[in-house]
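Observations on the three-dimensional arrangement
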Amino acid sequence: MPRIEFVDLNAQQRRILPDLERRLKDVLRHGRYIMGPEIQELEEKLAAFVGVKHGIAVASGTDALLIALMALGVGTGDEVITTPFTFISPGGTVALLGAKPVFVDIDHGTYNLDPSLLEAAITPKTRAILPVSLFGQCADFDAINAVAGKHGIPVIEDACQSFGATRGGRKSCSLSTIGCTSFFPSKPLGCYGDGGACFTDDEELAAKMRRIRVQGQDHRYHHLVLGINGRMDTLQAAVLLAKLEVFSGEVEARSRVAARYGELLRDAVVTPRIDPRNTSVYAQYTVEVDHREAMQEKLREEGIPTAVHYPVPLHLQPVFAGLNLPEGSFPVAESAARRVLSLPMHPYLTDAELVRIASAVVKR
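Presented here is an overview of the structure given in this document.

Rules behind the numbers
- Residues numbered from 1 in each chain as written.
- Predicted model: local features only at pLDDT ≥ 70, side-chain atom pairs only at ≥ 80, totals over all residues.
- Heavy atoms only, no water.
- 1 Å grid on protein atoms, 1.4 Å probe; cavity = no way out; pocket = protein on both sides within 12 Å on 5 of 7 lines; lining within 4 Å.
- Points joined across faces, edges and corners; volume = space filled by probe spheres on them.
- Helix = DSSP H or I, 4+ residues; strand = E, 2+ residues; numbered from the N terminus.
- Nonpolar A, V, L, I, M, F, W, Y, C, P; charged D, E, K, R; others polar.
- Pairing = 2+ DSSP bridges.
- Axes fitted to C-alpha atoms, helices over the stretch in contact; angles between N-to-C directions.
- Parallel < 35°, antiparallel > 145°, perpendicular 65-115°, else oblique.
- Contact = heavy atoms within 4.5 Å.
- Salt bridge = Lys/Arg side-chain N within 4 Å of Asp/Glu carboxyl O.
- Buried < 20%, exposed > 50% of the residue type's maximum accessible area, 1.4 Å probe, protein only.

With that settled, the discussion passes to the layout of surface pockets. Roughly 430 Å³ of internal volume is contained in the largest pocket. Contributing to the lining of the largest pocket are 24 residues, with Phe87, Gln161, Phe184, Lys187 and Tyr310 lying nearest its centre. For the lining of the largest pocket, the secondary-structure elements that each account for two or more residues are helix H3 (61–71) and helix H4 (89–96). Along the lines of polarity and charge, the residues of the lining of the largest pocket split into eleven nonpolar, ten polar and three charged. Approximately 190 Å³ is the volume attributed to the second largest pocket.

Turning our attention to the sheet that holds strand E4 (residues 126–130). Where strands meet in a sheet, backbone hydrogen bonds hold them as pairs that are either parallel or antiparallel. If you walk across this open sheet you meet the three strands as E3-E2-E4, and the pairing is parallel. Strand pairing shows two members of the sheet lacking a second neighbour, strand E3 (100–103) and E4, which therefore form its edges. Shown here is a sheet whose adjacent strand axes are inclined to one another by a mean of 30°, direction ignored. Here strand E2 (residues 79–82) pairs with E3 via four bridges, running parallel. Within E3, the position partnered with Glu79 by the bridge is Lys100.

To continue, consider the packing of helix H1 (residues 9–30) against helix H2 (residues 37–50). Contact pair H1 / H2: the axes reach a minimum separation of 10 Å and the direction vectors enclose 140°. As summarised for this structure, H1 and H2 are arranged oblique, according to the angle between their axes. Of the residues in H2, those in contact with Arg23, Asp26, Val27 and His30 of H1 are Pro37, Glu38, Glu41 and Lys45. When grouped by side-chain class, the residues that make up the contact of H1 with H2 number two nonpolar, one polar and five charged.

Moving on, we get to the pattern of salt bridges. Enumeration over the complete set of coordinates arrives at 23 salt bridges. With a closest N to O distance of 2.7 Å, Arg260 and Asp351 form a salt bridge. Highlighted residues: Arg260 in helix H8 (residues 234–265) and Asp351 in helix H11 (residues 351–362), separated in sequence by 91 residues. For Arg277, the salt bridge goes to Asp275, with nearest N and O atoms at 3.0 Å. Asp275 gets classed as buried once you look at its relative accessible area, which sits at 10%. A network of salt bridges, in which partner residues are shared, links Asp19, Arg22, Arg23, Asp26, Arg29, Glu41, Lys45 and Glu245.

All we've got here are geometric facts, nothing functional implied.
This is the structure in structure tokens:
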């Protein structure tokens, strides 16, 4: 049987190739590979899509988080509350700045930070709250923002997997003080390398983030603050501009794929639960299964790729051993880490492929 693609970037590229080639050739002609005109065009279109005043294109999703934390003044001795069930970047960027990541367990249904546990984690050292909108749907920002507002704490949305999703009709990246996303190639909106963006309605924070991404400069060789080299390449902006033209249609197609998966897998595995106030972009289609390794091997034999996001929660990673958070500290996150399995997900999956995947899962 032919192998099914986990993420099919080639199918997407065939669809957008004329516009993609035109935009890339424009960059090659004008030669402004750093901060070229496509950067401003992309920032304006991204901000309009999200529904905020400011979009700041940066070099990666990790840099977006780092820049946001720096703009809020997070540093040594501070604490930032986040989730243990995610990629390393939220906890890692906090620690890089000398602050302490404080983990809060997740909601079993959505895998996002459980807001009912949030207030108990707040201390006088809490400088920010950093929820992750995991697997394509937004965290419960209604509840999170209410707690944060009560204590005067800014909130950063890690929307690296949820760009294009909504909560209560509002777009991901517009739900908190600062929204951050990633344009890694496999994301629902991805470039052909690393890329990311920060979003805010706050004029002062926007200005700070723009300075931080260019080594803290307000003009050439004049550095107001410490910053990083966090600029997005112009070529990546050109790629994203071409992809943005078809993005809304791809989000709709992802929802159709997810709905079909739900029909086919309903009685076989635990399928994703989407909060009724949310829409999801299904950055991954993640189910829960028993005997995960055996399932992966069986699907591999049938030419069906899978992935596990994330097998080791952050509090159990060696880099965070100094936090002294042993196994059992966050039982919901640890259970999810043992059971989750992501199946192929992209807008170009055919019904025949979905039936084939589901059949292999069901007859495990």
